[in-house]
Amino acid sequence: MSCCSGIARALLIIFNIVFWLSGGAILGVGIWFLVDKNISSYFTVVQIDTSDSYFKYAAYILIAFGAFVFLVGFCGCCGAIRSSKCLLGFYVFFLILIIGGEVAAAVLMILYRMEVETKIDSILEKSVKQKYTNSSTLRDAWGLIQIKFDCCGYSGPDDYMNNEYLVSKGLSIPRSCCVLTNKATAMEEVKSANPKNASECNSKVAGFYNEKGCKKTLLDMALQYTNILIGVGIGVACLEIFGIVFAICVCRRVDKDDGYH
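Counting restarts for each chain: residues are numbered from 1 in the order of the written sequence. Per-residue local features of the predicted model are confined to residues with pLDDT of at least 70, and side-chain atom pairs are confined, for both listing and counting, to 80 or more; whole-chain, interface and lining totals are unaffected and use all residues. The side-chain figures draw on all heavy atoms in the structure; neither hydrogens nor water molecules are used.

Caption draft 1: Representation of the layout of surface pockets in the model. Cavities and pockets were defined on a 1 Å grid built over protein atoms only: a cavity is a set of grid points that admits a 1.4 Å probe from which the probe cannot escape, a pocket is an open set flanked by protein on both sides within 12 Å along at least five of seven lines, and lining residues are those with an atom within 4 Å of any such point. Grid points are joined across faces, edges and corners, and a volume is the space filled by probe spheres set on the points. Its boundaries defined by the atoms lining it, the largest pocket holds a volume of some 370 Å³. Lining the largest pocket are 15 residues, and of these Y165, L171, R175, V190 and K191 sit closest to its centre. Counting from the N terminus, the helices are the DSSP runs of H or I reaching at least four residues and the strands are the DSSP runs of E reaching at least two. Those elements that provide at least two residues to the lining of the largest pocket are α5 (136-149) and α6 (164-168). In terms of residue count, α5 provides more of the lining of the largest pocket than any other element does, four residues in total. Its residues placed into classes, the lining of the largest pocket shows seven nonpolar, three polar and five charged. For this scheme, ten residues count as nonpolar: Ala, Val, Leu, Ile, Met, Phe, Trp, Tyr, Cys and Pro. Four count as charged, namely Asp, Glu, Lys and Arg, and the remainder, Gly too, count as polar.

Have a look at this one:
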């Protein structure tokens, strides 16, 4: 019985090492999704409304639970080493809370994905035709996306037709829609975009501007990013189930192990 108890404790300790690493992964993914310039630009463009920030809520949940994992993992290791039923009990309880949080984050991502898929046309049309003129943040976000993916507007350059901001600047389309001579630099600073031929681009001469829209690219990005968060949340939650099983096994053997009466 001592041998079985020792094996169970060893498995629990090994699991907690993996668990700590998974906590770092969760924390890293959550922070990455909030601070990455390309991702933040995408979510500035695809903003459903201020009450539907599913993506940000999911990222915050992952960050919080990723940090919490370090404390819980320590509790699990101490409980396994000392064969403390109290510590192991807290460990199981906290693991269940973490699993609940990760599943909640995954559900939020599924809701966000469904929302974007069903409303993508109206979201992007509103972004370009109603919000673009009055928001420099949105203009920069669109600019970065258009430069990075060589696209223009949501369905094409005509989306900018008669745009008040562009008309006031004497432009028919943003410079970020043009074929650039400094694409790499412009991705760091959108306002530095330097068209290959500004006049030909503004006149929409083929070869000097991007003719395809950004809608498909933006939708693909939504699916890609949400799949990552859904996968991380559910994958780590499944991993934690093993931690619960190991902890319960150790708890059940504590009183049966003659060396730990």
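Moving on, there is more to tell.
Caption draft 2: Molecular detail of the environment of F65. If you trace the backbone, F65 turns up in helix α3 (residues 54-82). Each C-alpha atom of the pair F65 and L97 lies 9.1 Å from the other, and the pair is 32 residues apart in sequence. The criterion used for residue contact is that any of the two residues' heavy atoms lie within 4.5 Å. Dropping the residues within four chain positions of it, F65 is found in contact with L97, I98 and G101.

Caption draft 3: The state of the cysteines, seen in detail. In what follows, a disulfide is any cysteine sulfur pair within 2.5 Å. If you walk through the whole model with that rule in mind, you get three disulfides. Each disulfide pairs two cysteine sulfurs, and for C151 the partner residue is C214, the sulfurs being separated by 2.0 Å. Because the torsion about its S-S bond is 100 degrees, the bridge between C151 and C214 counts as right-handed. Highlighted residues: C151 in the loop between α5 and α6 and C214 in the loop between α8 (198-202) and α9 (215-254), separated in sequence by 63 residues. A single burial state applies to C151 and to C214, both of which are buried. Paired by a disulfide, C152 and C177 hold their sulfur atoms 2.1 Å apart. Looking down the S-S bond of the C152 and C177 bridge, the torsion is 85 degrees, so its handedness is right-handed. Partly exposed describes any residue whose relative accessible area lies between the buried limit of under 20% and the exposed limit of over 50%, with all areas from a 1.4 Å probe on protein chains only and scaled to the type maximum.

Caption draft 4: Broad picture of the confidence of the model for the protein chain. Of the residues in the protein chain, 87% reach a pLDDT of 70 or more, and the chain-wide mean stands at 79. What pLDDT reports is the predictor's confidence in each residue, on a scale of 0 through 100. Here helix α2 (residues 37-45) stands out as the element of the protein chain with the lowest mean pLDDT, 71, in contrast to α8, whose mean of 93 is the highest.

Caption draft 5: The packing of aromatic side chains, seen in detail. Two rings from Phe, Tyr or Trp (for Trp, the six-membered ring) form a pair when their centres are within 6.5 Å of each other. A pair whose planes differ by under 30 degrees is stacked, one over 60 is edge-to-face, and the rest are tilted. Enumeration over the complete set of coordinates arrives at three aromatic pairs. With 5.3 Å between their ring centres and 65 degrees between their planes, Y132 and Y160 make a pair best called edge-to-face. Of this pair, Y132 sits in the loop between α4 (85-131) and α5 while Y160 is found in the loop between α5 and α6, placing the two residues 28 residues apart along the sequence. Grouping residues by exposure puts Y132 and Y160 together as buried.

Caption draft 6: Quick peek at α4. Each residue after the first adds 1.5 Å to the expected span of a helix. Its 47 residues place the ends of α4 only 58 Å apart at the C-alpha level, less than the 69 Å of an ideal helix rising 1.5 Å per residue. The angle between axes fitted to the seven-residue stretch ending at a residue and the seven-residue stretch beginning at it gives the bend at that residue. Remark: the principal bend of α4, roughly 75 degrees, maps to K119.

Caption draft 7: Spotlight on the UniProt feature "transmembrane region" (unreviewed entry) in the protein chain. UniProt positions are given in the numbering used here, feature names are shortened, and annotations may be inferred rather than shown by experiment. What UniProt calls "transmembrane region" (unreviewed entry) maps, in this numbering, to residues 12-35, 57-81, 88-112 and 228-251. Here residues 88-112 runs as 100% helix and 0% strand, with 36 Å between its end C-alpha atoms. The straight-line gap between the two end C-alpha atoms of residues 228-251 is 35 Å; of that span, 100% is helix and 0% is strand.

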